[in-house]
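So you can see what is in the structure, the chains are spelled out below.
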Amino acid sequence: MSFSHLGGGPICDRAGAPAILGAVEGSSPIAAHAASPAELRDRIEAERRGRPFLVLREDDGVQRLLELTVDAGDRLSIGRGAQNDVPLPWDTEVSRLHAELECIGGEWTVSDDGLSRNGTYVNATRISGRHRLRDGDVLRVGRTTIAYRRPETEDSRPTQIAGATVQLDDLPPTQRAVLVALARPYKVDEFATPAPNQVIADELHLSVDAVKGHLRSLFVRFGIEHLPQNQKRSRLVAEALQSGLVTVREL
């Protein structure tokens, strides 16, 4: 297996085991205020590399990113034991060998198969057997939450214009209001889902069609109109928070 540091070549924290990559300490594993601009920047850089990766926080609130390959047959073990590929020694509700991630046909899956005492959950549903992971899925083992991200491949991205950064003054007031409303669920959960169009429309007293129009304009402004439909909204929120165009305090 080949696992890479987000800024360079493969690194390991012990012989043959991938190192879990860190960013900046936060105060809570899931609270939005724990996601610092540096952490958001690390996630966006990971997305831009186009490879799947995991996001989790340790007991001290430090964000960890683990970049995955898409090589068939690659496996990672998750558990409390130190010899696991994703060790969670601080979580006493995690079994020593709790679950296994496996890449099959270029797609990552998770299975428990009776390995754990307390079970493995995907999006709050306990799994049995093998479960295929999709972009944005959230795993829970013990008290630890792990998000799975699967950006599209880097080759499918158009060349970005150097220096094309959206500034606060570039956004009309209504577009910025839509952006803030879109990001509002992230006030309490950094793994949240952006607000639906109807919720935004009700908050801002706009029609749903008007909200869709503003969002299409924002996708173009931020250069993410090429992304798959199910990724545009969450990427827009991440870009807005990372750039400071929207702050958690406003949410």
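For clarity, every value in this text was computed on a predicted model and none was experimentally measured.

Q: Tell me about the overall build of the protein, and name the residues and values.
A: Tallying secondary structure elements over the protein gives five helices and 14 strands in all. With 251 residues in all, the protein has 49% of them scored as buried. Of all intrachain contacts in the protein linking residues separated by at least 6 positions in sequence, the fraction that spans at least 24 positions is 51%.

Q: Tell me about the packing of helix α1 (residues 37-49) against helix α5 (residues 229-243), and please be specific about residues and values.
A: Following both chains from N to C, one finds α1 and α5 inclined at 140°, their axes separated by 9 Å at the closest point. As judged from the angle between their axes, α1 and α5 are oblique. Judged by the twist between their axes, the crossing of α1 over α5 is left-handed. For the pair α1 and α5, contact is made by Pro37, Leu40, Arg41, Ile44, Glu47 and Arg48 and by Arg235, Ala238, Glu239, Leu241 and Gln242, respectively. When the residues that make up the contact of α1 with α5 are grouped by side-chain class, the tally is five nonpolar, one polar and five charged.

Q: Tell me about the pattern of salt bridges, and name the residues and values.
A: In the structure shown here, the tally under the stated rule is 18 salt bridges. Between Arg48 and Glu45 there is a salt bridge whose closest N-O contact spans 3.1 Å. Within this pair, Arg48 and its partner Glu45 are both found in helix α1, separated by three residues, close to a single helical turn. Looking at Arg48, the relative accessible area reads 27%, which means it is partly exposed. Judged by its relative accessible area of 37%, Glu45 falls in the partly exposed class. Taking the shortest distance from any N to any O, the salt bridge between Arg184 and Glu203 comes out at 2.5 Å. In this pair, Arg184 is assigned in the loop between α2 (173-183) and α3 (197-204) and Glu203 in helix α3, connecting sequence segments 19 residues apart. Owing to a relative accessible area of 28%, Arg184 belongs among the partly exposed residues under this scheme.

Q: Can you break down the side chain of Gln63 residue by residue, with the values?
A: Note that Gln63 resides in strand β5 (residues 62-67). Judged by relative accessible area, which is 0%, Gln63 ranks as buried. At 2.8 Å, the side chain of Gln63 and the side chain of Arg43 are in polar contact.

Q: I'd like to hear about unusual backbone geometry, residue by residue, with values.
A: Within the chain, Ala124 stands out as a residue other than glycine whose phi angle is a positive 75°. Residue position: Ala124 is located in the loop between β10 (120-122) and β11 (125-126). You can call Ala124 exposed: its relative accessible area is 69%. Here the phi dihedral of His205 falls at roughly 60°; this positive angle occurs in a residue that is not glycine.

Q: Break down the packing of aromatic side chains for me, citing the residues and quoting the values.
A: All told, the structure shown has zero aromatic pairs when counted by the stated rule. Over the ring of Tyr121 we find Arg140, and its NZ or CZ is 4.3 Å from the ring centre.

Q: Got a sec to walk through the pairing of strand β8 (residues 99-104)? Specific residues and values, please.
A: Direction of pairing for strand β6 (residues 75-79) relative to β8: antiparallel, over a ladder of four bridges. Bridge assignment links Ile78 to a residue of β8, and that residue is Ala99. Sheet topology places β8 next to strand β9 (residues 107-111); five bridges connect them, and they run antiparallel. The partner of Cys103 across the bridge, within β9, is Trp108. Between β8 and β9, which follow one another and run antiparallel, lie two residues, and Gly105 among them has a positive phi close to 60°.

Q: Can you tell me about the sheet that holds β9, naming the residues and giving the values?
A: One open sheet accounts for five strands, arranged β7-β6-β8-β9-β12; its pairing is mixed. Sheet topology places β7 (86-87) and β12 (130-132) at the edges, where each strand pairs with a single neighbour.

Q: Help me get a handle on the environment of Ala195, residues and values and all.
A: When you line up the elements, Ala195 lands in the loop between α2 and α3. Exposure remark for Ala195: the relative accessible area of 4% places this residue in the buried category. Distance in space between the C-alpha atoms of Ala195 and Leu179 is 9.8 Å, their sequence separation being 16 residues.

Rules behind the numbers
Residues numbered from 1 in each chain as written. Predicted model: local features only at pLDDT ≥ 70, side-chain atom pairs only at ≥ 80, totals over all residues. Heavy atoms only, no water. Helix = DSSP H or I, 4+ residues; strand = E, 2+ residues; numbered from the N terminus. Buried < 20%, exposed > 50% of the residue type's maximum accessible area, 1.4 Å probe, protein only. Contact = heavy atoms within 4.5 Å. Axes fitted to C-alpha atoms, helices over the stretch in contact; angles between N-to-C directions. Parallel < 35°, antiparallel > 145°, perpendicular 65-115°, else oblique. Left-handed = near helix turned anticlockwise from the far one by under 90°. Nonpolar A, V, L, I, M, F, W, Y, C, P; charged D, E, K, R; others polar. Salt bridge = Lys/Arg side-chain N within 4 Å of Asp/Glu carboxyl O. Polar contact = N/O pair within 3.5 Å; in protein donor to acceptor, adjacent residues only side chain to side chain. Phe/Tyr/Trp six-rings, centres within 6.5 Å; stacked < 30°, edge-to-face > 60°. Lys NZ or Arg CZ within 6 Å of the ring centre and 35° of its normal. Pairing = 2+ DSSP bridges.

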